[in-house]
Amino acid sequence: MSLLDAAREVREMAYVPYSRFKVGAAVRGPSGAIYRGCNVENVAYPEGTCAEAGAIAAMVAAGETELVEVAVIADSPSPVPPCGGCRQKLAEFGRHDTRVLLATIDGATLATTIGELLPGRFDAGHMSKAE
């Protein structure tokens, strides 16, 4: 199964009774394993969880802490980019050049990288003087 297929499949599991906007995400760890996540809403906004965050949590729960590829899919007019918080989460576990494929269920795609999504990212190097 391709990463995009995994994201497409898990998108159908999204819990979105309020927005009805389903998002699916899949990330690949260095082992080659695919971890999936979907958005989960909560009536107490903004307490929901984004699809990208869910996929990252699944990866970490499985013992991997590096992502090497990302796919995100939604039913939108154009490929939907991750929110700001998810961009930082992706940057925590991926490199600047980690490939990110954004897609719509109608087949439109946009290939980008974590670095292009989050230029000037904050990382652990910024805290090197902390004691």
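How each quantity is defined
Residues numbered from 1 in each chain as written. Predicted model: local features only at pLDDT ≥ 70, side-chain atom pairs only at ≥ 80, totals over all residues. Heavy atoms only, no water. UniProt positions renumbered as here; feature names shortened; annotations may be inferred. Core = buried A, V, L, I, M, F, W, Y, C linked by side-chain atoms within 4.5 Å. Buried < 20%, exposed > 50% of the residue type's maximum accessible area, 1.4 Å probe, protein only. Helix = DSSP H or I, 4+ residues; strand = E, 2+ residues; numbered from the N terminus. Contact = heavy atoms within 4.5 Å. Phe/Tyr/Trp six-rings, centres within 6.5 Å; stacked < 30°, edge-to-face > 60°. Pairing = 2+ DSSP bridges. Patch = residues over 30% accessible without salt bridge, like charges linked within 9 Å, V, L, I, M, F, W, Y side chains within 5 Å. Areas by Shrake-Rupley, 256 points an atom, 1.4 Å probe, with all protein chains shown as cover. Salt bridge = Lys/Arg side-chain N within 4 Å of Asp/Glu carboxyl O.

The name given to the protein chain in an unreviewed UniProt entry is Cytidine deaminase, with Paracoccus maritimus as the source organism. Of the comments in the UniProt record for the protein chain, the one headed Function (unreviewed entry) reads "This enzyme scavenges exogenous and endogenous cytidine and 2'-deoxycytidine for UMP synthesis."

A. Fine view of the nonpolar core. With 20 residues, the main nonpolar core has Val-27, Leu-67, Val-70, Val-72, Leu-90, Val-100 and Ile-114 as its most contacted residues. It is helix 2 (residues 51-61) that contributes the most residues to this core, four residues altogether. When residues no more than four places from it in sequence are discounted, the contact partners of Leu-90 are Ile-56, Leu-67, Val-70, Pro-82 and Ile-114. Grouped together as the second largest cluster of nonpolar side chains are nine residues, Leu-3, Ala-7, Ala-26 and Ile-73 included.

B. A look at the packing of aromatic side chains. Counted according to the given criterion, the structure contains one aromatic pair. Aromatic pair Tyr-18 and Tyr-45: ring centres 6.3 Å apart, planes at 70°, arrangement edge-to-face. Of this pair, Tyr-18 sits in the loop between helix 1 (3-11) and strand 1 (23-28) while Tyr-45 sits in the loop between strand 2 (34-38) and helix 2, placing them 27 residues apart in sequence. The class for Tyr-45 is exposed, based on a relative accessible area of 55%.

C. How the structure looks around the pairing of strand 2. Relative to strand 2, strand 1 runs antiparallel, the two being bridged by five bridges. Residue pairing for strand 2: Ala-26 is matched across the bridge by Arg-36. Here strand 1 folds back onto strand 2 in antiparallel fashion, the turn holding five residues, of which Gly-32 has a positive phi close to 100°.

D. Structural view of a nonpolar patch on the surface. Taken together, the side chains of Tyr-15, Tyr-18, Val-40, Val-43 and Tyr-45 make up a nonpolar region of the molecular surface, amounting to roughly 540 Å² of accessible area. Of the residues examined, Tyr-18 reaches a relative accessible area of 39% and is grouped as partly exposed.

E. Structural detail: unusual backbone geometry. The step from Tyr-45 to Pro-46 runs through a cis peptide bond, and the omega angle for that step is 0°. Along the chain, Pro-46 turns up in the loop between strand 2 and helix 2. Unusually for a residue other than glycine, Arg-20 sits at a positive phi of about 60°. Examined against the element boundaries, Arg-20 turns out to sit in the loop between helix 1 and strand 1. Assessed through its relative accessible area of 64%, Arg-20 is described here as exposed.

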